[in-house]
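Here is what each chain is made of, one letter per residue.
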Amino acid sequence: MPDSIDQWTAIHFRVPHEMADPICNFCHEQQTEGLVLDDSDRDFVRLTAYFTPERWEEALDHAKLYLTQLHEIFSHLPEPTLSISVQEREDWAVMWKGYFKPTEIGKRLIVAPPWRVPEPGDRLVVIIEPAEAFGTGTHETTQGCLVLVEDAISEMPAFPGECSVLDVGCGSGILAIAAAKLGADRVLGIDHDPKAVESAGKNAALNHVEEKVQLARSGLADLTEQSDIVTANLDLRTLREHRNVLLSLFRRFLIVSGVPLNQWAEAKELLQAPRVVLVKEITRAEWGCGLFGRTRGL
């Protein structure tokens, strides 16, 4: 947050867990200066987004409309709510640090903030600065992707050559960084949001994987070179639009997440093609994640 501002307007969201990722993305699109996520409650996630005096009224109007639209999509879930408050600048940093704790994911990973890095142990530590961008490993879609990245990379020794990974919509860089730590030789993370690319770069530096991880502001339409593994945390509409490109970009495995369960069957059917099969799927809460593999032979 800029140091020149003494007060911030905080928009507080109370939403079902399934809405947490869309709300995080929405807040970043609305140019939030800081985002706090508390998912300790079984039924609801509490998110607090901080806005400058110039931005908060417009952001609040958009937030009300967006919550209405989300509730129409997730009509079977409890209704999300929001409220606002004014926060002094010196309070915000202390508040959000309490919410992000080290989290074990899969068999080999642990995601942690830079101020609570665990002692070296059996797990690979992925350090993520949660104030920088969405994607801290707390949501089901991110965790599902991380588990499937681990599975896919564990299969790569069966194939000759280096292991390359493409992370589409890299956000905070968590998947790209995890792939590098799990053994990928080359990783490219792309995102259309310049703030996300900047954040991913900072997190790559925190994890000392800058030599392996390349980051770029780019879209799928700009890519032509294949990677062994492609990860895509995208909604169904984007999957439909870019289906052929995604299928052309991976040599071995495609990992897809970000699709609500009521649309997951369509997403699975959409992505299965000649020589492409669903190897593994993970369903958590209301979201689906899938590991698709390219079969050998003709």
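Use the structure listed above.
Here's what I pulled together on the structure shown here. (Residues numbered from 1 in each chain as written. Predicted model: local features only at pLDDT ≥ 70, side-chain atom pairs only at ≥ 80, totals over all residues. Heavy atoms only, no water.)

**Quick look at the environment of A232**
Inference 1: Positionally, A232 belongs in strand β11 (residues 227–233).
Inference 2: With 57 residues separating them along the chain, A232 and C289 place their C-alpha atoms 9.9 Å apart.
Inference 3: The residues contacting A232, other than those within four sequence positions of it, are V168, L246, I255, V256 and S257. (Helix = DSSP H or I, 4+ residues; strand = E, 2+ residues; numbered from the N terminus. Contact = heavy atoms within 4.5 Å.)

**Digging into helix α7 (residues 236–249)**
Owing to its 3.6 residues per turn, the α-helix aligns residues three or four sequence positions apart on the same side.
Inference 1: With 14 residues, α7 ought to run about 20 Å at 1.5 Å a step, and its terminal C-alpha atoms sit 18 Å apart, in line with that.
Inference 2: H242 marks where α7 bends most, by close to 70 degrees.
Inference 3: Along α7, the positions that sit buried rather than exposed are L236, T238, L239, H242, L246, L247 and L249.
Inference 4: On its buried side, α7 packs onto β8 (164–168), β11, β12 (250–260), α8 (261–271), β13 (276–284) and β14 (287–294).
Inference 5: Where α7 begins, the capping side chain belongs to D235, and its oxygen is found 3.1 Å from the backbone nitrogen of R237. (Expected span 1.5 Å × (residues − 1). Bend = angle between axes of the 7 residues up to and from the residue. Buried < 20%, exposed > 50% of the residue type's maximum accessible area, 1.4 Å probe, protein only. Polar contact = N/O pair within 3.5 Å; in protein donor to acceptor, adjacent residues only side chain to side chain.)

**Some details on the sheet that holds β8**
Strand pairing in a sheet takes place through backbone hydrogen bonds and is either antiparallel or parallel in direction.
Inference 1: In space, the seven strands of this open sheet follow the order β10-β9-β8-β11-β12-β14-β13, with mixed pairing throughout. The outermost strands of the open sheet, each flanked by one partner alone, are β10 (213–217) and β13. Ignoring strand direction, the axes of neighbouring strands in this sheet form an average angle of 15 degrees.
Inference 2: One ladder, built from five bridges, connects β8 with strand β9 (residues 186–191); its direction is parallel. Bridged to V165 within β9 is V187. (Pairing = 2+ DSSP bridges. Axes fitted to C-alpha atoms, helices over the stretch in contact; angles between N-to-C directions.)

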